[in-house]
Amino acid sequence: MTIIKDESGRDGADDENDGNDGNDGNDGAVGPPGAADRYVPSPRRLERERYRRARARRATAIAALSTLITGAALYLLVVSAPGWPRTKETFFNPEYAREAFPKVLEGLWLNLRLLLVCGAAVLVLGMLIAVARTLRGPVFFPLRVLAAAYTDFFRGLPLIINLMIVVLGVPALRLQGVTVDPVLLGGTALTLTYSAYVAEVFRAGIESVHPSQRAAARSLGLTNRQALRFVVLPQAVRRQVPPLLNDLVSLQKDTGLVSIGGAVDAVRAADIVVGRSLNYTPYIVAGLVFVALTIPMTRFTDWVTARTDRRRAQGGTT
């Protein structure tokens, strides 16, 4: 056999086997790129995942069965009561429900407008009161006292009494240029009460920010006002989003109390039908409408709270 030398000095016969050198140990099989780095779960991990899925299915089945049994027991308990036929006719009459539903929806538009306007006013006023309570220095002592007195008074005063004082008392004064509209007066009373609660939420958030944050801001050349605006308040508000949403959920329900001044909202619309028919089904309709309106916001609040808790548990910023 003739052996031919190439320029590098290697034997030409060796080149005949170069094409197979890359497949040594793979039995000639050529895999896709990155196949060697692909993760393959171990049998133990697969078994553990199957066990978890089986436990999840079992827990879901038990929860569904328990719910079904509880619901059936409550249903039998209610329908077997001696006064159920009369109660069903008085509170769950389909005819009066159909009559009241469109009127309740029409009045609900007023409740939604009150929620939007009063919610915005409550957030602004509550923030101002909270900032006033956290101002430092002896010169701001009177402002801190007034802010504390405001929150103490309106947090202690029942909302229904506050509404009666504002809605019924202000028109009795006959002041020139002061509105007597029950919607505006009722919204004012709601704002006064809820701003006291929201102010305490904001104040708790401001005081939860570590003083080192403010000190770091001052060391960078920011003034006290700039440190509060750009460093402290963003952290405080972000931390207090869940309790703020809870207050908005409560405000959404309490907008129905403006009906005591004569404003025709969802509750007042139901009350008009009840007064004419002497049947209480419209109240049930109004209540279910408020529940249907509140549930999405409540679930959103729960989601935000759970998300915030997860981020805190992982050491992330909140």
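Turning to a nonpolar patch on the surface, a few remarks are in order. Among the surface-exposed residues, Ile160, Ile161, Met164, Ile165, Leu168 and Ile260 lie close enough to one another that they form a single nonpolar patch of about 510 Å² accessible area. Checked against the element boundaries, Met164 lands in helix H6 (residues 159–173). What makes Met164 partly exposed here is its relative accessible area of 41%.

What follows covers helix H11 (residues 266–277). With 12 residues, H11 ought to run about 16 Å at 1.5 Å a step, and its terminal C-alpha atoms sit 17 Å apart, in line with that. Turning to H11, its buried residues number three or more, namely Ala266, Ala269, Ala270, Val273, Val274 and Ser277. Taken down its axis, H11 places every buried residue within 140° of arc, on the same side. Across from the buried face of H11, at angles greater than 90 degrees, the exposed residues are Gly275 and Arg276. Contact partners of the buried residues in H11: helix H4 (94–134) and helix H12 (281–313). Directly after H11, the chain includes Leu278, whose backbone phi takes a positive value near 55°.

Viewed as axis vectors pointing N to C, helix H10 (residues 241–254) and H12 meet at an angle of 175°, and their least axial separation amounts to 9 Å. Between H10 and H12, the crossing angle belongs to the class labelled roughly antiparallel. Judged by residue contacts, Val241, Pro242, Leu245, Asn246, Leu248, Val249, Gln252 and Lys253 of H10 engage Phe290, Leu293, Thr294, Met297, Thr298, Phe300, Thr301, Val304, Thr305 and Thr308 from H12. The class makeup of the residues in the contact of H10 with H12 is 10 nonpolar, seven polar and one charged.

One finds Val131, Leu190, Phe202, Ile206, Leu233 and Leu251 to be the most contacted residues of the largest nonpolar core, which totals 29 residues. Here Leu251 is in contact with Leu115, Cys118, Gly119, Leu190 and Tyr194, once residues within four sequence places are set aside. In this structure, Val104, Leu108, Ala270 and Ala286 belong to the second largest nonpolar core, which totals 10 residues.

The subject of this paragraph is unusual backbone geometry. Not every positive phi belongs to a glycine, and Arg174 is a case in point at roughly 55°. One can find Arg174 in the loop between H6 and helix H7 (182–208). Among the residues examined, Arg174 registers a relative accessible area of 73% and is labelled exposed.

What follows concerns the packing of H4 against H12. At their nearest, the axes of H4 and H12 sit 9 Å apart, and the two run at 45° to each other. With respect to their mutual orientation, H4 and H12 come out oblique. Along this stretch, H4 crosses H12, giving a crossing that reads as right-handed. On H12, the residues that touch Tyr96, Ala97, Ala100, Phe101, Val104, Leu105, Leu108, Asn111 and Leu112 of H4 are Thr281, Pro282, Val285, Ala286, Val289, Phe290 and Leu293. In the contact of H4 with H12, the residues fall into 14 nonpolar, two polar and no charged.

The subject of this paragraph is the packing of aromatic side chains. Working definition: an aromatic ring pair is given by the centre-to-centre distance plus the angle between the planes. Counted according to the given criterion, the structure contains seven aromatic pairs. Measuring from ring centre to ring centre gives 6.1 Å for Trp84 and Phe92, while their planes differ by 45°; the resulting arrangement is tilted. The exposure class assigned to Trp84 is partly exposed, which follows from its relative accessible area of 22%. Taking 6.2 Å as the distance between ring centres and 50° as the angle between the ring planes, the aromatic pair formed by Tyr194 and Tyr197 counts as tilted. Residue Tyr194 and its partner Tyr197 are located together in helix H7, separated by three residues, close to a single helical turn. The structure contains a cluster of three or more aromatic residues connected by ring pairs, namely Phe91, Tyr280 and Tyr283.

Reading the values: the criteria
Residues numbered from 1 in each chain as written. Predicted model: local features only at pLDDT ≥ 70, side-chain atom pairs only at ≥ 80, totals over all residues. Heavy atoms only, no water. Patch = residues over 30% accessible without salt bridge, like charges linked within 9 Å, V, L, I, M, F, W, Y side chains within 5 Å. Areas by Shrake-Rupley, 256 points an atom, 1.4 Å probe, with all protein chains shown as cover. Salt bridge = Lys/Arg side-chain N within 4 Å of Asp/Glu carboxyl O. Helix = DSSP H or I, 4+ residues; strand = E, 2+ residues; numbered from the N terminus. Buried < 20%, exposed > 50% of the residue type's maximum accessible area, 1.4 Å probe, protein only. Expected span 1.5 Å × (residues − 1). Arc of directions from axis to C-beta. Contact = heavy atoms within 4.5 Å. Axes fitted to C-alpha atoms, helices over the stretch in contact; angles between N-to-C directions. Parallel < 35°, antiparallel > 145°, perpendicular 65-115°, else oblique. Nonpolar A, V, L, I, M, F, W, Y, C, P; charged D, E, K, R; others polar. Core = buried A, V, L, I, M, F, W, Y, C linked by side-chain atoms within 4.5 Å. Left-handed = near helix turned anticlockwise from the far one by under 90°. Phe/Tyr/Trp six-rings, centres within 6.5 Å; stacked < 30°, edge-to-face > 60°.

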